[in-house]
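A structural walkthrough
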Amino acid sequence: MQLKATLLDENAIRRSLVRISHEIIEKNKGVEDIVLIGIKRRGYPLAERISKQIEKIEGIKLPVGSVDITLYRDDLSDFFEAPKVKETSIDIEIKDKKVILVDDVLYTCRTARAAIDALMDIDRPNSIQLAVLIDRGHKELPIRADYVGKNIPTSKSEIIDVNILEIDNEDSVKIYEK
């Protein structure tokens with residue numbers, strides 16, 4: 001793989017998350033009954049950051065949970081090994097809440113669909129909204145993000161690499177050519 005460009009640095013990611021936080025507050029006319037659920041792996045730290053940002057703006061800390069979608073994937077037969085199930089940590093009430101799913105990249109929409117299925121198996125929220133740091137196109141399902149940090153049109157031969165400080169020791173979004 002060959003690096004084509006760094007699309008977002010630490011400051012650009014921070015600005016995107018601040019904007020997403022403001023948009024969440026505006027669209028929902030406040031933060032009442034909102035719960036943030038990060039899709040494992042990188043969606044969870046992004047959800048935590050959005051919660052902290054909203055707390056700075058509104059003075060209210062939103063509950064944050066995480067969902068592991070491994071068993072909800074529709075491509076399990078493509079894996080050679082049995083899937084390793086990570087923990088789904090939704091020890092907060094989602095029934096009748098406005099759930100905002102948070103993920104790093106929206107690509108085919110299959111991860112978002114799997115996360116929605118996982119949430120619906122837990123309980124029935126009032127609504128589900130989707131926030132992503134990057135929307136790269138190439139959707140295979142009729143799902144769109146309500147909140148997008150940056151739209152990055154890509155070819156299928158390109159790879160978007162999101163690095164998050166909490167996992168990768170840096171904040172960056174890079175694009176590579178296969």
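Just so it is clear, the structure is predicted and the values come from calculations on it, not from any experiment. (Residues numbered from 1 in each chain as written. Predicted model: local features only at pLDDT ≥ 70, side-chain atom pairs only at ≥ 80, totals over all residues. Heavy atoms only, no water.)

**Focus on the sheet that holds strand S8 (residues 172–177)**
Sheet architecture is open: three strands sit in the order S1-S8-S7, paired in antiparallel fashion. Both outer strands of the open sheet, strand S1 (2–8) and strand S7 (158–163), are each paired with one neighbouring strand and no more. Adjacent strand axes in the sheet meet at a mean angle of 25 degrees, parallel and antiparallel pairs treated alike. Of the strand pairs in this sheet, S1 and S8 are connected by five bridges, and their pairing is antiparallel. Bridge assignment links Leu 3 to a residue of S8, and that residue is Tyr 176. (Pairing = 2+ DSSP bridges. Helix = DSSP H or I, 4+ residues; strand = E, 2+ residues; numbered from the N terminus. Axes fitted to C-alpha atoms, helices over the stretch in contact; angles between N-to-C directions.)

**Topic: the nonpolar core**
Soluble globular proteins tend to bury their nonpolar side chains together. Residues Leu 133 and Ile 134 are the most contacted members of the largest nonpolar core, which totals 29 residues. Looking at this core, the elements with two or more residues in it are helix H1 (10–27), strand S2 (34–39), helix H2 (43–58), strand S4 (98–106), strand S5 (127–135), S7 and S8. It is H1 that provides the largest number of residues to this core, a total of six residues. Contact partners of Leu 133, with chain neighbours within four places excluded, come to Leu 8, Ile 13, Ser 16, Leu 17, Leu 46, Asp 103, Asp 104, Gly 149, Lys 150, Val 162 and Val 173. (Core = buried A, V, L, I, M, F, W, Y, C linked by side-chain atoms within 4.5 Å. Buried < 20%, exposed > 50% of the residue type's maximum accessible area, 1.4 Å probe, protein only. Contact = heavy atoms within 4.5 Å.)

**Topic: the sheet that holds strand S3 (residues 64–67)**
The strands making up a sheet associate through backbone hydrogen bonding, with each pair oriented either parallel or antiparallel. Sheet architecture is open: five strands sit in the order S3-S2-S4-S5-S6, paired in parallel fashion. Every interior strand has two partners, whereas the edge strands, S3 and strand S6 (147–151), have only one. In this sheet, adjacent strand axes meet at a mean angle of 25 degrees when their direction is disregarded. Summarising the sheet, S5 and S6 pair through four bridges and their orientation is parallel. Each bridged residue has a counterpart across the sheet, and for Asp 135 the counterpart in S6 is Asn 151. Where H1 meets the sheet, it contacts S2, S4, S5 and S6, and its direction lies at approximately 150 degrees from that of S6.

**Some remarks on unusual backbone geometry**
Cis geometry is adopted by the peptide bond preceding Arg 41, which originates at Lys 40 and carries an omega value of 25 degrees. Note that Arg 41 resides in the loop between S2 and H2. A positive phi is found at Cys 109, a non-glycine position, where the angle reads about 85 degrees. With respect to the helices and strands, the residue Cys 109 is situated in the loop between S4 and helix H3 (110–122). Among the residues examined, Cys 109 registers a relative accessible area of 2% and is labelled buried.

**Considering the environment of Lys 178**
With respect to the helices, strands and loops of the structure, Lys 178 is situated in the segment after S8. In the structure, Lys 178 is positioned 176 residues away from Gln 2 in sequence and 6.7 Å away in space, judged by C-alpha atoms.

**Digging into the side chain of Arg 42**
Within the secondary structure, Arg 42 sits in the loop between S2 and H2. Relative accessible area serves as the criterion here: at 19%, Arg 42 is assigned to the buried category. Reaching out from Arg 42, the side chain makes a polar contact with the backbone oxygen of Val 162 at a distance of 3.2 Å. Look past the residues within four positions of Arg 42 in its chain and what remains in contact with it is Asp 104, Val 162, Ile 164, Ile 167 and Asp 168. (Polar contact = N/O pair within 3.5 Å; in protein donor to acceptor, adjacent residues only side chain to side chain.)

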